[in-house]
Amino acid sequence: MRRIHISATADDLSVDAAQEFVRVTADAVKLRSRCYVALAGGSTPRGLYRALANTQPLRTQVPWSRIEFFWSDERHVPPDDPESNYRMASETMLAAAPVPPTQIHRVRAENPDAVIVGRQYEEEILTDVAHDGGMPRFDLMLLGLGTDGHTASLFPGTTALAERRRLCVDTWVERLKTHRITMTLPLINAARAVMFVVSGADKASIARDVLQADSTAADRPAQLVQPDGELLWMLDDEAARWINRPVS
Ligand code: 6PG
């Protein structure tokens, strides 16, 4: 079930996405007492993370003590590196939120061997995310959208995008000349809810291609995110400027 929500401004988008975050996590905790969330990286989620940790009533409504935080992808850098997705989420949200440190599962990306980093994270997911012997299921998978259609670190033409067995892998991204660690499509699509948060005029073209193309394509990896559960696309007006408005 795919739903598209369009917010007037980037700030409205942060609050609207934060309200969806509260809804999904509170429902998960009500049903299963715990909640597993994979955070998105990049810059777009900054406003969302700040809204969750710093504005009321959102801060009070988030079931912080019951959430296990993971990352849908990470750069191959130490946790204190300005490029680190862990550092971004810590600075904007986790450092200010009442989350037990044992519930923050960062990617150990300081290890120079990216293959080991990927395998360690896969192990941590298998150990710490509830699964009934099948695929571990995140309650909420947060994702962004790159202008080339990538999401997490699933870039067009990479082996990570083609991976259908592993939950998390290392991947070389030629365009960036760097390794990344990323959750794979099987794990992402097993999530009970996936929420894309997309902001800004530079994403308008790719957002239209991803959301309105009549066929999916491997050169638009975000289109391959098709969870059995809830698929929510949260955009601001600028990113949604070329999308036919959903009939409300
Ligand atoms: C990352 C993200 C990546 C990001 C998109 C959009 O590690 O960079 O996981 O998939 O979500 O590239 O990035 P922005 O939000 O910075 O536009």
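The structure presented is a predicted model; accordingly, all values stated were derived computationally and were not measured.

**Some words on the site of the ligand**
Point 1. Around the ligand there are 15 residues in total, and Ser 43, Thr 44, Asp 73, Ala 152 and Lys 203 lie nearest to it.
Point 2. For the ligand, an oxygen atom lies 2.6 Å from a polar atom in the side chain of Asp 73.
Point 3. One of the side-chain N or O atoms of Arg 180 is found 3.4 Å from an oxygen atom in the ligand.
Point 4. Burial of the ligand by the protein chains amounts to 87% of its free accessible area of 410 Å².
Point 5. Partitioned by chemical class, the residues of the shell around the ligand number two nonpolar, nine polar and four charged.

**Details of the sheet that holds strand E4 (residues 73–75)**
Point 1. Read across the sheet, three strands follow the order E4-E7-E6 without closing on themselves; strand pairing throughout is antiparallel. Bordering the open sheet on either side are E4 and strand E6 (168–173), each of which pairs with just one other strand. Ignoring which end each strand starts from, the neighbouring axes of this sheet average 25° apart.
Point 2. The pairing of E4 with strand E7 (residues 178–183) spans three bridges and is antiparallel. Within E7, the residue paired with Asp 73 across the bridge is Thr 182.
Point 3. Taken strand by strand, helix H5 (residues 114–128) contacts E6 and E7, and its axis lies near 150° from that of E6.

**So, the environment of Thr 216**
Point 1. With respect to the helices and strands, the residue Thr 216 is situated in the loop between helix H8 (204–212) and strand E9 (230–236).
Point 2. Sequence separation of Thr 216 and Thr 184 is 32 residues, and the distance between their C-alpha atoms is 17 Å.
Point 3. Not counting residues up to four positions away in its chain, the partners in contact with Thr 216 are Gln 223, Leu 224 and Gln 226.

**Observations concerning the side chain of Glu 122**
Point 1. Its location among the elements puts Glu 122 in helix H5.
Point 2. For Glu 122, a relative accessible area of 11% corresponds to the buried category.
Point 3. Sequence-distant contacts of Glu 122, defined by excluding residues within four places in its chain, comprise Arg 166, Leu 167 and Cys 168.

Thresholds applied
- Residues numbered from 1 in each chain as written.
- Predicted model: local features only at pLDDT ≥ 70, side-chain atom pairs only at ≥ 80, totals over all residues.
- Heavy atoms only, no water.
- Near = heavy atom within 4 Å.
- Polar contact = N/O pair within 3.5 Å; in protein donor to acceptor, adjacent residues only side chain to side chain.
- Areas by Shrake-Rupley, 256 points an atom, 1.4 Å probe, with all protein chains shown as cover.
- Nonpolar A, V, L, I, M, F, W, Y, C, P; charged D, E, K, R; others polar.
- Pairing = 2+ DSSP bridges.
- Helix = DSSP H or I, 4+ residues; strand = E, 2+ residues; numbered from the N terminus.
- Axes fitted to C-alpha atoms, helices over the stretch in contact; angles between N-to-C directions.
- Contact = heavy atoms within 4.5 Å.
- Buried < 20%, exposed > 50% of the residue type's maximum accessible area, 1.4 Å probe, protein only.

Nothing here speaks to function; it is geometry throughout.
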